[in-house]
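# Structural features, examined
Residues per chain are reported as follows:
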Amino acid sequence: MPTDRDNMLQIRVSTPAAAALVAVALLFATGGPVSEVAYGTNATASAQTQTAAHGSPYLATHLYFGTGRHNGEPPITDDQFMKFVADVITPRFPSGLTIQQGRGQWRDKTGSINREISYELTVLYPAREAHTHDPDIQYIRSLYCAMYGLESVGRADVKAQADF
């Protein structure tokens, strides 16, 4: 009398096919390519290391300078702004700074929307020096407003990790 075992289909697996099945099983078991297992590496750990912060704690202060003026005064020119940078900002941040020109828009105290050429100044400094740089930053902002009759210079401080 035939048994259930006799009725079962028997599958023979060659050595190369068996190796392929083992490789596929390893892929599913380890969640990654066989090379990670074979070479003892961990790509996930490597990716985490690459996204880790490098450098030291810094602050990036961004100042936003508009060039449009009120009461029919002409806009602040590029030469005027760069002179302000050379005379006022550079002596306070001689280690370096970045300036980008852009187009800005903001609502003034009368409710009017102003569109103007603007400059974004970025200075980076060690976070531990924030208290020593704050008076300089505030001086720059207030002097620019006083010199050109403006309402404000925008400021954004952002924590950063920096390495030079």
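Definitions and limits used
Residues numbered from 1 in each chain as written. Predicted model: local features only at pLDDT ≥ 70, side-chain atom pairs only at ≥ 80, totals over all residues. Heavy atoms only, no water. Salt bridge = Lys/Arg side-chain N within 4 Å of Asp/Glu carboxyl O. Helix = DSSP H or I, 4+ residues; strand = E, 2+ residues; numbered from the N terminus. Buried < 20%, exposed > 50% of the residue type's maximum accessible area, 1.4 Å probe, protein only. Pairing = 2+ DSSP bridges. Axes fitted to C-alpha atoms, helices over the stretch in contact; angles between N-to-C directions. Contact = heavy atoms within 4.5 Å.

Naming follows an unreviewed UniProt entry, where the protein appears as DUF3574 domain-containing protein of Streptomyces mauvecolor.

With the rule as written, the count across this model stands at 5 salt bridges. Across the salt bridge formed by D136 and R92, the nearest N and O atoms sit 3.9 Å from each other. Taken together, the residues D136 in helix 6 (residues 130-148) and R92 in the loop between helix 5 (78-89) and strand 2 (98-107) connect sequence positions 44 residues apart. Two residues, R155 and D134, come together in a salt bridge whose shortest N-O distance is 2.8 Å. Separated by 21 residues along the polypeptide, R155 in strand 4 (residues 154-162) and D134 in helix 6 bring together distant segments of the chain. For R155, a relative accessible area of 25% corresponds to the partly exposed category. A cluster of three or more residues bridged by salt bridges with shared partners is formed by D134, R155 and D157.

Turning to the pairing of strand 1 (residues 56-66), a few remarks are in order. For strand 1, a buried count of 8 out of 11 residues is recorded, marking the element as mostly surrounded by other parts of the structure. With 9 bridges joining them, strand 1 and strand 4 adopt antiparallel strand pairing. Looking at the pairing, S56 lines up with A162 of strand 4.

Attention now goes to the pairing of strand 2. Moving residue by residue along a regular strand, the side chains alternate between the two faces of the sheet. Pairing analysis gives 10 bridges linking strand 2 to strand 3 (residues 113-126), with the strands arranged antiparallel. Within the sheet, the bridge partner assigned to Q105 lies in strand 3 and is R115. Hairpin connection, strand 2 to strand 3: the antiparallel pair is bridged by 5 residues, and G111 has positive phi, about 95°.

Before going further, it helps to examine the sheet that holds strand 1. With antiparallel pairing, 4 strands are arranged side by side in an open sheet as 2-3-1-4. At either end of the open sheet lies a strand with only one pairing partner, and these are strand 2 and strand 4. The sheet shows a mean angle of 30° between the axes of neighbouring strands, direction not considered. Against the sheet, helix 6 contacts strand 1, strand 3 and strand 4, and its axis sits at roughly 5° relative to strand 1.

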